[in-house]
Amino acid sequence: MDKVRLQREAAFIRSSLLDQGYLDEQFIQLEELQDNDNPNFVEEVVTLFYTDSARLIYNIDQALLSNPTDFTKLDDYMHQFKGSCSSIGAKKVKNECNGFGEYCEAQNYDGCFRTFQQIKQEYINLKKKLETYFQPSYDHIYAYYLISPYDLMR
Amino acid sequence: MAAAADVFIQRLPEVSARELHVLAVDDSHVDRKVIERLLKISSCKVTVVDSGTRALQYLGLDGGEKNSSIDFDSMKVNLIMTDYSMPGMTGFELLKKIKESSIFREIPVVVMSSENILTRIDSCLEEGAEEFLLKPVKLSDVKRVTDFIMRGEGMKGGKRSQKRRRSVDCIPSLTTELSPLSPSTLASKKSKL
C-alpha cells in the first residue's frame, strides 16, 4: 500500500513537472524508450546528464571568473550545455540558456553572470524534483513539498 | 519473411539480412546514450564513437594502418549518423571525408544538429548527406531512416532511387557518380523539415 502511495506521488510529480513546463515532450519520448529490459533508462540518462553537465557548469563558472572574458568560449560551453538540456527535455533550464546566449553575443558580462546564476538555480531545482520522482520516499516527498509549496495548493 | 530476406541479399550484398550496422558519432555523452538506445530499439547493431577522428579510425580511413582487408566484414557499416557540431572534426568535415573515399562514399550519412540553419542543411545535403535530422532526434526519425536504408531505397527522390534500382541488376559500381541534386529535390527535403 505504501508502495502504491509512493507511485501515485511520483506520477503526480511527473505530471506537475510537465504541466509547469519544467519538462517537455522530449522527456516523454525518453520514457517511451523504456521497456522491461531497460526499465531505468530515463533515470540513467538524467543521471548521466547531471554528472556530465557538472563539468560544463564548472567550466562556465571558471570562464566567468577569467579576465578578460572569453565570450566565444562561454558561448561554446553554453551551446553544449543547452544541447544536453534539450536531450533530456529540461525545458525551463534550456529556455534560461537562450537569454545567456543573447548576452554573450552582446558581450554583456553582467547579463551573462546574472543569467547563469538563474540557470544554475533552475538546474539544481530540477535535479531535486527528478530525484524525488525517480526515488520516491517519504523523506523525498516531504522535502519536495517543502521546496514547492505552490504545488501543495494545486 | 525468409523470401524477402533472400531477395534482400541479392539486391544489396553489403547489408546483412538481419540488421543494419550503424556507426553513430557524437561528442555529447548524453546524446550518445540516447542515439544508441534509439538505434537498438530500431533493431540495429550500433557502434558509438565520440569524435569524427575516432569514426575514421573505426572505418580504417585515418591514414594510419590500412586494415581494410582485415576485419572488414565485422566492421561493415551500413549507415553513419553524425552530430554536426563537434570539437576538432565537425560532422560536416567527417561527411566530406567519407564521400571523398572510394570505399566508403556509398555509405549513407545522416547529419544531426540542434540548430535549424538552412545554409547548414543545404551544405550537408549538397555534400551528399542522406538526410539532416533536427535534435533532439526522435524514435520516428530513426525508424524512418533505418527503414529506408533497409529497403534499399534512397531518400533523395527521383535520381537517387533510380540509382538504387539499378543495383537490383548489378552490384553498385563504386565509380558511379552521384548526380547533383536538382533544386526541386532539395526543396522537397527542406519541406520535410
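Residues numbered from 1 in each chain as written. Chains lettered and ligands numbered in written order. Predicted model: local features only at pLDDT ≥ 70, side-chain atom pairs only at ≥ 80, totals over all residues. Heavy atoms only, no water.

Within an unreviewed UniProt entry, the label attached to chain B reads Response regulatory domain-containing protein, and the organism entered is Arachis hypogaea.

1. Side note on the packing of aromatic side chains
Residue and element names in this part refer to chain A. Rule in force here: Between rings of Phe, Tyr and Trp, where Trp is taken as its six-membered ring, a pair exists when centres lie within 6.5 Å; planes separated by under 30 degrees are stacked, by over 60 edge-to-face, and by other angles tilted. Helix and strand definitions follow DSSP, with helices as H or I runs of at least four residues and strands as E runs of at least two, each counted in order from the N terminus. We call a residue buried when its accessible area falls under 20% of the maximum for its residue type, exposed when it is over 50%, and partly exposed in between, using a 1.4 Å probe and counting protein chains only.
The tally for this structure, following the rule as stated, stands at 10 aromatic pairs over all chains. Ring geometry for F81 versus Y123: centroids 5.7 Å apart, planes at 55 degrees, classification tilted. With F81 in helix α4 (residues 71–88) and Y123 in helix α6 (residues 109–134), this pair connects stretches of sequence that are 42 residues apart. You can call F81 buried: its relative accessible area is 1%. Given a relative accessible area of 9%, Y123 falls into the buried group. Between Y133 and F134 the ring centres are 5.1 Å apart and the planes differ by 50 degrees, which places this aromatic pair in the tilted class.

2. Some remarks on the pairing of strand β1 (residues 21–25) of chain B
Residue and element names in this part refer to chain B. Selection rule: Two strands pair under a simple rule: DSSP has to find at least two bridges between them. Here, the term right-handed applies to a crossover whose path from the first strand over the helix to the second runs clockwise when the strands point away from the viewer.
Most of β1 is tucked away: 5 of the 5 residues are buried. Here β1 shows no split at all, with H21, L23 and V25 on one side and V22 and A24 on the other all buried. Pairing geometry for β1 and strand β2 (residues 45–49), over 5 bridges, is parallel. In the sheet register, L23 faces β2, and the bridge partner there is T47. Taking the sense of rotation as the criterion, the β-α-β connection linking β1, helix α2 (residues 29–41) and β2 turns out right-handed. In the sheet, β1 pairs with strand β3 (residues 79–83) via 4 bridges, with the strands oriented parallel. Residue pairing for β3: V25 is matched across the bridge by T82.

3. Examining empty space enclosed by the protein
Keep this limit in mind: Lining residues are those with an atom within 4 Å of a point, where the points come from a 1 Å grid over the protein atoms alone and group into cavities, where a 1.4 Å probe fits but cannot get out, or pockets, open sets with protein on both sides within 12 Å along at least five of seven lines. Grid points are joined across faces, edges and corners, and a volume is the space filled by probe spheres set on the points. When residues are grouped by polarity, Ala, Val, Leu, Ile, Met, Phe, Trp, Tyr, Cys and Pro land in nonpolar, Asp, Glu, Lys and Arg in charged, and all others, Gly among them, in polar.
One pass over the full model with this rule turns up 3 cavities of 30 Å³ or more. Taken as a whole, the largest cavity encloses approximately 90 Å³ of empty space. Considering the residues around the largest cavity, the lining is formed by Q26 and S87 of chain A together with D26, D31, V34, I35, L38, M112, K135, P136 and V137 of chain B. Per-element accounting of the lining of the largest cavity gives the leading share, 4 residues, to α2 of chain B. Split by residue class, the lining of the largest cavity holds 6 nonpolar, 2 polar and 3 charged.

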